[in-house]
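# Summary of structural features
Residue-level listing of the chains:
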Amino acid sequence: MAVLDINKYPAEVLKKKASPVTRIDKDLLILIDDMIETMYAAPGVGLAAPQIGISKRLAVIDISSKESEVPLIVLINPEFLKMEGRIEFEEGCLSVPEYTAKVDRAERVVVRATDREGREMEIEGEGLLAIALQHELDHLDGILFIDRISPLKREFFKKRYLKAHKAGK
Ligand code: NI
């Protein structure tokens, strides 16, 4: 397994709509393991393939904390079957370091996806899991959480962020 580099805003790959996974083969399983290791190393509660430069519809989520153990989720070609309610939550993203903002999300979602064994599954998420699912599925459509905040807040963010990260270029 390997820890992969995470692409940061404004990388182009983060804005692209990812294409479906067409085959679950050995290479894909290695990629999934690397994504899991990268997520834990960061650490983050989720990671989508575009974040490591692969424009495929693939994501991993683990919202476990000290207080609650939740199974790791591998999502291949996920899609929403249901979204309901409304919740506001302070989000961050491994691709947008050192910035968080409140984002409006659905409170409950149902997602259909394929797991790493190729089985179709349905996941019901509420609260933090619902938010993580929406955040990661957004990545597969080229959407970052900063695309879901007000235009004014986004302008402030861009100015500050690009200034802070210019030194590295
Ligand atoms: Ni993210």
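All of the points below concern the structure found in this document.

## Considering the coordination of the nickel ion
Here the nickel ion is held by the protein donor atoms C93 (SG), H135 (NE2) and H139 (NE2), which lie 2.1 to 2.3 Å from it. Since its relative accessible area comes to 7%, H135 is described here as buried.

## Notes on helix 3 (residues 151–166)
Helix length check: helix 3, at 16 residues, gives a terminal C-alpha distance of 22 Å against a target of 22 Å (1.5 Å per residue), a fit within 8%. Taken together, the buried positions of helix 3 are R154, F157 and Y161. Around the axis of helix 3, the buried residues are gathered within 60° of arc, so they sit on the same side. Facing away from the buried side of helix 3 by over 90 degrees, the exposed positions are L152, F156, K159, R160, K163 and K166. Residues of helix 3 that are buried in the fold lie against strand 5 (96–105).

## So, the pattern of salt bridges
Tallying each qualifying case throughout the model produces 14 salt bridges. Note that R108 and E107 form a salt bridge whose closest N and O atoms lie 3.5 Å from each other. Residue E107 is classed as partly exposed on the basis of its relative accessible area, which comes to 29%. The partner of R148 in a salt bridge is D138, and the shortest N-O contact between them spans 2.6 Å. One end of the pair, R148, is in the loop between helix 2 (128–140) and helix 3; the other, D138, is in helix 2, with 10 residues separating them in the sequence. With a relative accessible area of 41%, R148 lands in the partly exposed category. One connected set of salt bridges, linked through shared partners, spans E91, R105, D138 and R148.

## Some points on the packing of aromatic side chains
Counted under the stated rule, the structure contains five aromatic pairs. A centroid spacing of 5.3 Å and a plane angle of 70° characterise the contact between Y9 and Y161, whose relative ring orientation is edge-to-face. Here Y9 is found in the segment before helix 1 (26–41), whereas its partner Y161 is found in helix 3, with 152 residues between them in sequence. There is no split in this pair, since Y9 and Y161 are both buried. Here a set of aromatic residues connected by ring pairs shows up, and it is made of Y9, Y99, F145, F157 and Y161.

## Thoughts on the pairing of strand 6 (residues 108–114)
Remember that side chains alternate between the two faces of the sheet whenever the strand is regular. One ladder, built from six bridges, connects strand 3 (residues 73–84) with strand 6; its direction is antiparallel. Within strand 6, the position partnered with M83 by the bridge is V109. Two strands pair when backbone bridges link them, and strand 6 and strand 7 (residues 120–126) are joined in this way by seven bridges, in the antiparallel orientation. Its bridge partner lying in strand 7, V110 is registered against E124. With antiparallel pairing between neighbouring strands as the criterion, strand 6 and strand 7 make up a hairpin whose turn holds five residues, including G118 at a positive phi of roughly 90°.

## Some words on the layout of surface pockets
Within this model, the largest pocket holds a volume of roughly 270 Å³. Surrounding the largest pocket, 16 residues form its lining, V45, G46, G92, C93 and H135 being those nearest its centre. For the lining of the largest pocket, the elements supplying multiple residues, two or more each, are strand 4 (87–93) and helix 2. The element best represented in the lining of the largest pocket is helix 2, accounting for six residues. Here the lining of the largest pocket is built from residues that sort into seven nonpolar, six polar and three charged.

What counts, and at which threshold
Per chain, residue numbering runs from 1 following the sequence as it is written. The model is predicted, so local features are restricted to residues of pLDDT at least 70 and side-chain atom pairs to those at 80 or more, both for listing and for counting; the totals for chains, interfaces and linings are taken over all residues. Hydrogens and water molecules were not included; the side-chain quantities draw on all heavy atoms of the structure. The donor set comprises N, O and S atoms within 2.8 Å of the metal, extended to 3.2 Å for Na, K and Ca; water molecules are omitted, so apparent gaps in a site may simply reflect that omission. Buried means the residue's accessible area, taken with a 1.4 Å probe over protein chains only, is under 20% of the maximum for its type, while exposed means over 50%, and partly exposed covers the values in between. Per the convention used, a helix needs a DSSP run of H or I reaching at least four residues, while a strand needs a run of E reaching at least two, with both numbered from the N terminus. Helix span, expected: 1.5 Å multiplied by one less than the number of residues in the helix. Think of it as the arc spanned by the lines of direction from the helix axis to the C-beta atoms. By definition in these notes, contact holds between two residues if any of their heavy atoms fall within 4.5 Å. Salt bridge, as used here, is a side-chain nitrogen of Lys or Arg placed within 4 Å of a carboxyl oxygen of Asp or Glu. Two rings belonging to Phe, Tyr or Trp (six-membered ring only in the last case) form a pair when the distance between their centres is within 6.5 Å. Interplanar angles under 30 degrees mark stacking, angles over 60 mark edge-to-face geometry, and anything in between is tilted. The pairing criterion is simple: DSSP has to find at least two bridges between the two strands. Detection works on a 1 Å grid of protein atoms alone, calling trapped sets that fit a 1.4 Å probe cavities and calling open sets with protein on both sides within 12 Å along at least five of seven lines pockets, with lining residues defined by an atom within 4 Å of a point. Grid points are joined across faces, edges and corners, and a volume is the space filled by probe spheres set on the points. Classification convention: Asp, Glu, Lys, Arg as charged; Ala, Val, Leu, Ile, Met, Phe, Trp, Tyr, Cys, Pro as nonpolar; all other residues, Gly among them, as polar.

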